[in-house]
Amino acid sequence: MKIDTQPQENRTLKLTVEVDDERLQPALRAAARRISKGHRIPGFRPGKAPYEVVLRHFGENTLYQTALEDLSQSIYKEVLEREQIEPYAAGELQDIQLKPVVLTYSVPLAPQVELGDYRALRVPFEAPSVGGEAVQEQLERLREHQAVVEPVGRPAQLADVVTLDAKAFLNTGENPSDFLLADQDVSLVLDEKADWPMPGFAAQVVGMSAGEERKFDLAFADDFANESLRGQAAHVEVAVKEVKARTLPEWDDELARSLGDYESLEALRARVREDLERQASRQVERAYADQVIDQLVGQATVTYPPMLLEHELDDVLNDLDRRLREQRLTLDDYLKIQNKTREQLRAESRPVAESRLKRSLVLGRVVSLEGLTVDAEEVDERVEALSTPWGERAGEMRKALSTDDSRRVLAVELLTNKAVERLVAIGKGEAVPPPAPLGETGERPTLIEPATAAADTAETAAEVNPPPAAAAEAGPGVAAAPAQAEAPNQS
Amino acid sequence: MTTIYEVLRRPIETEKSRHQNAKLHQYVFEVARDATKVQIKDAVQTLFDVEVRKVNVLVAPAKRGRRGKYGRRTVVRGQEYKKAVVTIRADQSIDVFEGVK
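Residues numbered from 1 in each chain as written. Chains lettered and ligands numbered in written order. Predicted model: local features only at pLDDT ≥ 70, side-chain atom pairs only at ≥ 80, totals over all residues. Heavy atoms only, no water.

A. Main features of the interface of chain A and chain B. The interface of chain A with chain B comprises 9 residues on the first partner and 5 residues on the second. Where chain A touches chain B, the interface holds 3 salt bridges. The salt bridge partner of Glu15 of chain B is Arg45 of chain A, with a shortest N-O separation of 2.8 Å. In terms of residue class, the side of chain A that touches chain B is built from 4 nonpolar, 1 polar and 4 charged. (Contact = heavy atoms within 4.5 Å. Salt bridge = Lys/Arg side-chain N within 4 Å of Asp/Glu carboxyl O. Nonpolar A, V, L, I, M, F, W, Y, C, P; charged D, E, K, R; others polar.)

B. Just the sheet that holds strand β2 (residues 12-18) of chain A, in detail. Residue and element names in this part refer to chain A. The 4 strands are arranged β1-β2-β4-β3 in an open sheet whose pairing can be described as antiparallel. In this open sheet, the two strands that pair with only one neighbour each are β1 (2-8) and β3 (92-97). With strand direction ignored, the average angle separating the axes of adjacent strands in the sheet is 20 degrees. Those strands touched by helix α2 (residues 51-83) are β1, β2, β3 and β4 (102-108), and its axis lies near 60 degrees from that of β4. (Pairing = 2+ DSSP bridges. Helix = DSSP H or I, 4+ residues; strand = E, 2+ residues; numbered from the N terminus. Axes fitted to C-alpha atoms, helices over the stretch in contact; angles between N-to-C directions.)

C. Up close: the environment of Leu414 of chain A. Residue and element names in this part refer to chain A. Mapping Leu414 onto the fold places it in helix α12 (residues 404-428). Relative accessible area serves as the criterion here: at 17%, Leu414 is assigned to the buried category. Separated by 32 residues in the primary sequence, Leu414 and Arg382 place their C-alpha atoms 8.5 Å from one another. Leave out the neighbours within four places in its chain, and Leu414 touches Val374, Glu378, Val379 and Arg382. (Buried < 20%, exposed > 50% of the residue type's maximum accessible area, 1.4 Å probe, protein only.)

D. Up close: unusual backbone geometry. Residue and element names in this part refer to chain B. One non-glycine residue with positive phi stands out, namely His25, at about 55 degrees. Within the secondary structure, His25 sits in the loop between α1 (15-24) and β2 (26-31). Not every positive phi belongs to a glycine, and Asp49 is a case in point at roughly 60 degrees. Tracing the backbone through its elements, the reader meets Asp49 in the loop between α2 (37-48) and β3 (52-60).

E. Expanded view of the packing of helix α6 (residues 265-299) of chain A against α12 of chain A. Residue and element names in this part refer to chain A. Closest axis-to-axis distance for the α6/α12 pair is 9 Å, and the angle between their directions is 85 degrees. Classified by the angle their axes make, α6 and α12 are roughly perpendicular. Contact residues: α6 offers Glu285, Tyr288, Ala289, Val292, Ile293 and Leu296, while α12 offers Val420, Leu423, Val424, Gly427 and Lys428. Here the contact of α6 with α12 is composed, by residue class, of 8 nonpolar, 1 polar and 2 charged. (Parallel < 35°, antiparallel > 145°, perpendicular 65-115°, else oblique.)

F. Geometry of the nonpolar core. Residues and elements named next belong to chain A. Ranked by size, the top nonpolar core spans 42 residues in total, and within it Leu115, Leu296, Val362 and Leu423 carry the most contacts. Breaking this core down by element, the ones donating at least two residues are α6, α7 (306-326), α9 (342-370), α10 (376-387) and α12. The greatest single-element share of this core, amounting to 9 residues, is contributed by α12. Sequence-distant contacts of Leu296, defined by excluding residues within four places in its chain, comprise Leu115, Tyr118, Leu121, Val362, Val366 and Leu423. Membership of the second largest hydrophobic core comes to 31 residues, among which are Val17, Leu63, Ile75 and Ile85. (Core = buried A, V, L, I, M, F, W, Y, C linked by side-chain atoms within 4.5 Å.)

G. Representation of the pattern of salt bridges in the model. Inspection of the entire model under this criterion finds 28 salt bridges over all chains. Of the charged contacts, one joins Asp321 of chain A and Arg325 of chain A as a salt bridge, the two residues approaching to 3.0 Å between their closest N and O atoms. One end of the pair, Asp321 of chain A, and the other, Arg325 of chain A, are both in helix α7, 4 residues apart, so they sit about a helical turn from each other. Close ionic contact of Arg33 of chain B with Glu80 of chain B constitutes a salt bridge, the shortest N to O distance being 3.1 Å. Of this pair, Arg33 of chain B sits in the loop between β2 and α2 while Glu80 of chain B sits in the loop between β5 (74-77) and β6 (81-88), and the two are 47 residues apart along the sequence. Judged by relative accessible area, Glu80 of chain B falls into the partly exposed class, the value being 31%. It is possible to trace a salt-bridge network through shared partners that takes in Glu52 and Arg56 of chain A together with Glu13 and Arg18 of chain B.

H. The sheet that holds β6 of chain B, seen in detail. All names here are of chain B. Here 4 strands make up an open sheet; going across it, the order is β1-β2-β6-β3 and the pairing antiparallel. The open sheet has two edge strands with one neighbour each: β1 (8-11) and β3. Here the average twist between neighbouring strands, direction ignored, is 30 degrees. In this structure, β2 lies alongside β6, joined through 6 bridges in antiparallel fashion.

I. Here's a closer look at the side chain of Glu30 of chain B. Residue and element names in this part refer to chain B. Turning to its location among the elements, Glu30 is positioned in strand β2. With a relative accessible area of 14%, Glu30 lands in the buried category. Once you skip the residues sitting within four places of it in the chain, Glu30 turns out to touch Val7, Leu8, Arg9, Arg10, Ile12, Tyr81 and Lys82.

J. Spotlight on the packing of aromatic side chains. All told, the structure shown has 1 aromatic pair over all chains when counted by the stated rule. The ring of Tyr51 of chain A is capped by Arg29 of chain A, whose NZ or CZ atom sits 4.0 Å from the centre of that ring. (Phe/Tyr/Trp six-rings, centres within 6.5 Å; stacked < 30°, edge-to-face > 60°. Lys NZ or Arg CZ within 6 Å of the ring centre and 35° of its normal.)

K. Representation of α9 of chain A within the structure. Residues and elements named next belong to chain A. For α9, built from 29 residues, the straight-helix expectation of 42 Å at 1.5 Å per residue is met to within 8% by its first-to-last C-alpha distance of 40 Å. At Arg350, α9 shows its largest bend, some 40 degrees, and a proline, Pro351, comes one to four positions later. Taken from the residues just after α9, Gly371 is the one with a positive phi, measuring 65 degrees. (Expected span 1.5 Å × (residues − 1). Bend = angle between axes of the 7 residues up to and from the residue.)

L. Local environment of the packing of α10 of chain A against helix α11 (residues 394-401) of chain A. Residues and elements named next belong to chain A. Where α10 contacts α11, the axes come no closer than 9 Å and their chain directions differ by 145 degrees. α11 is crossed by α10, and the crossing has right-handed handedness. For the pair formed by α10 and α11, the contact residues are Val383, Glu384, Leu386 and Ser387 on the first element and Ala394, Met397, Arg398 and Leu401 on the second. Across the contact of α10 with α11, the residue classes break down as 5 nonpolar, 1 polar and 2 charged. (Left-handed = near helix turned anticlockwise from the far one by under 90°.)

M. Up close: the pairing of β6 of chain B. All names here are of chain B. Within β6, 6 of the 8 residues are buried, leaving the element largely enclosed by the surrounding structure. Two elements, β3 and β6, share 8 bridges in a ladder whose sense is antiparallel. If you follow Val57 over to β6, its bridge partner there is Ala84.

N. Region of the structure containing a negative patch on the surface. Residue and element names in this part refer to chain A. A cluster of acidic residues, Glu250, Asp252, Asp253 and Glu254, forms a negative patch at the surface. Here Glu254 is to be found in helix α5 (residues 253-258). Residue Glu254 is classed as exposed on the basis of its relative accessible area of 55%. (Patch = residues over 30% accessible without salt bridge, like charges linked within 9 Å, V, L, I, M, F, W, Y side chains within 5 Å. Areas by Shrake-Rupley, 256 points an atom, 1.4 Å probe, with all protein chains shown as cover. Lys, Arg positive; Asp, Glu negative; His and termini not counted. Charge placed at Lys NZ, Arg CZ, Asp CG, Glu CD.)

O. Spotlight on the confidence of the model for chain B. Chain-level statistics for chain B give a pLDDT mean of 84 and a share of 91% at 70 or above. For this predicted complex, the interface confidence comes out at an ipTM of 0.76, alongside a pTM of 0.53. (pLDDT = per-residue confidence, 0-100.)

Structure (C-alpha cells):
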C-alpha cells in the first residue's frame, strides 16, 4: 500500500492511498457475494452466482463501488494507525480512482488556537449602579397593582377605568376592509399616551359619564405604526357603561406589609433596590463576560478544518429547527415564510456558526491552558440544582439529568462557565491562580468516566424510591408517594 | 440448416450447468430446433476445438404463465427450445464466455 500525506492549509490533511491488488481482490469477491445475495440473477438462486457471472451481470463499476464502501473504511482506519494521524473529526473520502485504485481522503486535524498573551487581557469593568429613580419607578409599579377600583357617578377623568362598547370603522364602514373594531364591555384605563384602540381615543372619552354615547372622528397620524392606516380618518362610536375611579393607596408601612412579607416601607424599599441591583449586576456581568470573550477571540488566531465549520452550521440549523418545533413549526415552514431556500439560510447562518465555533474553541483552549476541571460532585450539585425547582417531578428530572449523556453536557457547561469566570477575573485584573503546567495542546476537556456516572444514577434512583410507609398509605396511587418524599426540597 | 455456425444458439448458464461444467465435463447449449446430435457434435468440435464424447438432446417444453391480475386472465406461452448437453473429453474444457475461437 502506497501512502502519501499532504498537509493542507486550514488544518486538513490530504491522504492519498494506493490500494494493493491483494487487498482489493478479496474485497471484490466479498462484494460480488453480497450483490448476488440481494439480487436475482436468472439461473441462480440468490447468493449462489459465481464471481464472473456477477461481474458480467452488474458490471465492473457496481462491483468496485460496493467493494470500496467497506474497503475505504477499513483502509482509512489502518492508514491512520500506521501513519499515527489523530483526526479531530470524521474524515471524508474525496476521490476514488480505479485502476489502480487510489483513494483520496481529507482528514480534519485538531484546530490550532493561539490565544496570544491572554493573561494580559484587561477590559475596563463598570460596576452597575441603581439610581433612586429606578427604585421609585419600581415602587410606583407595585403601588399601581394595589390600586383600589370603585365605581363613581362623576364623568370620566384621566386615569379612570372605563367600561365601554366601542365600534370603529374607516370611511363609511360599508366595505369589510374598512372595519376597525367592534368590542363590547372592554375595560380601559384612560391614559393619554395609550394608543389602543387608537391614539387620542382616551382624550375623547374623558368627560363622558356612565350611560352616555358619543360619536367622533379620529385621524391617524402620518407616522402611525400601521402603514395602511396612516393619514386615514376613523369614525368611532362609543357607549360608556361604567366609570370607575382608581385610588392609589398611600405609601405607608401598611401598604408595604400588604405587598408581601415586609416589616416596613423601608424594608420594602431596601428589598426593591436589592432586587434591581442584582438584576443589573447580572446583566452587566454577562455583557462584560461577552466583551472579554469577544476581545480574546479577536486577538486569538484560530485555524480549524472547514469541515468543523460545516458541523457547527449543522448544529446552528438544528438549534433553529428545535426552536421552531417548540412553536409547532418545521424548518420547511420557516423557510417558506422567510422565502428562502435551505442553501440561502445555510449561507446566512455561516457567520453565526463561525463566531460560535471560534468562541467555543477559544474557551476550550482556555480550559486546557488554565487546567480547569470538573469533578463528579460538581455535576451532582448541578443536577440537584436543576431538578429541585421541578417540585413534584424533581425525581423524574433528576433521572433524566443523570444519564451519561446529559451529565457530559452538564460537565461541559460547567467547564465553560469556569473558563468564562476565569476570563472575567483576568479581564478585571484580579489575582488568579497560575496556569496549570502545560499538558498537550489542543486537548479536549476531560470528562467524568461513565463508571462514576452510572454509580451515581443508582444512588439517585434509591433516593427517589418512596419510604415503605408512605407507599403503603398511598395504596394504588403510588405515583403520589415520590412527591411526598420530595416535599422538603421544594423550599 | 446449412452450416455448423447456425447450430449453436447460446450457452446456457445456470447453477446446474455450472455444476455439469465442473464435475461432469458437460456443456449445455440451446441449439437450433432442427439440429441433430451429429450436427451438434461437429459444431462443438470445430468451434471450440475439443473432442466430443457424447451428445444428449432434449426439447425443453414451453413455459406457460398467466397474465393479468384482475378480470380476464390470459394464458401466455413461452417458446419451447432444443437443449443439448455435450460431454467432452475429461482433460479438455470450453471457456463458454470467451466465445467462438
